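Here are the chains, one letter per residue:
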Amino acid sequence: MVQAPPMAYEATMTTWRRHIEPFTRPLFFVVSRLTRGMTLGVRVVARDRAGRIMLVRHTYLEGWWLPGGGVDRGETVQDAAVRELREETGLIASGPPRLLSVHSNHRFFPNDHVLVFAVDAFEVEDRTSQGEISDAEWFAPDALPGGVTAATQRRLDEIFRGAPPDPLW
């Protein structure tokens, strides 16, 4: 059996997710809300030695985001931050992530919360996520790409520009 090269596989997964995800994601949110009293997510601010920030673009969502995702059942928030960072970017935290802030995310669900962590020391390997992330790139805090999500921009303004913390995502 001939296997497709990794790039072809990822392109196929990306195409699949772009077509299917808009229909399955709302169903996922409904099931999550019905089976969970509260949802919890993490985002990670990873900075390299030059002070640049890692941002990702998903195959199924618009804009540039901080790496992150949902906390799995039985998983600590720190473990989720480390796992999501590795899956989406290939960065493996060299130490425990540092909690920066906690936010309520009422836009999706009245009991959804997002914790933001910092990771400044890491090893670099290949991403383990297949088909979820289309781009993972470094950007200087004062030279962010167009399309940074509003919540990502607010978090970065709080961290790097001294903006007052906003408890809402």
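Nothing here was measured: the structure is a model prediction, and the numbers come from that model. (Residues numbered from 1 in each chain as written. Predicted model: local features only at pLDDT ≥ 70, side-chain atom pairs only at ≥ 80, totals over all residues. Heavy atoms only, no water.)

**Digging into the overall build of the chain**
Then, number 1: Looking only at helices and strands, one finds 3 helices and 9 strands in the chain.
Then, number 2: Evaluated residue by residue, the chain yields a buried proportion of 43% over its 169 residues.
Then, number 3: Long-range contacts, defined here as pairs at least 24 residues apart, represent 68% of the contacts in the chain between residues at least 6 apart.
Then, number 4: For the chain, the computed accessible surface area is about 9700 Å², with 57% contributed by carbon and sulfur atoms. (Helix = DSSP H or I, 4+ residues; strand = E, 2+ residues; numbered from the N terminus. Buried < 20%, exposed > 50% of the residue type's maximum accessible area, 1.4 Å probe, protein only. Contact = heavy atoms within 4.5 Å. Areas by Shrake-Rupley, 256 points an atom, 1.4 Å probe, with all protein chains shown as cover.)

**Looking at helix α3 (residues 150–160)**
What sets the pattern is the α-helix's 3.6 residues per turn: residues three or four places apart point alike.
Then, number 1: Along α3, the positions that sit buried rather than exposed are Ala 151, Thr 152, Arg 155, Leu 156 and Glu 158. All buried residues of α3 fall inside an arc of 160 degrees around its axis, so they share one side.
Then, number 2: Close packing links the buried residues of α3 with β2 (53–58), β3 (64–65), β6 (98–104) and β7 (112–119).
Then, number 3: Following α3 by one or two positions, Gly 162 adopts a phi angle in the positive range, close to 70 degrees. (Arc of directions from axis to C-beta.)

**A few points about the sheet that holds β3**
Then, number 1: Pairing is antiparallel in the open sheet, where 3 strands are placed in the order β3-β2-β9. A single partner strand is all that each edge strand has here, and the edge strands are β3 and β9 (133–139).
Then, number 2: Along the sheet, helix α2 (residues 77–89) makes contact with β2 and β9, crossing β2 at roughly 70 degrees. (Pairing = 2+ DSSP bridges. Axes fitted to C-alpha atoms, helices over the stretch in contact; angles between N-to-C directions.)

**Observations regarding the environment of Phe 139**
Then, number 1: By secondary structure assignment, the location of Phe 139 is in strand β9.
Then, number 2: On the accessibility criterion, Phe 139 (12% relative accessible area) is buried.
Then, number 3: The sequence separation of Phe 139 and Ile 53 amounts to 86 residues, and the corresponding C-alpha distance is 5.2 Å.

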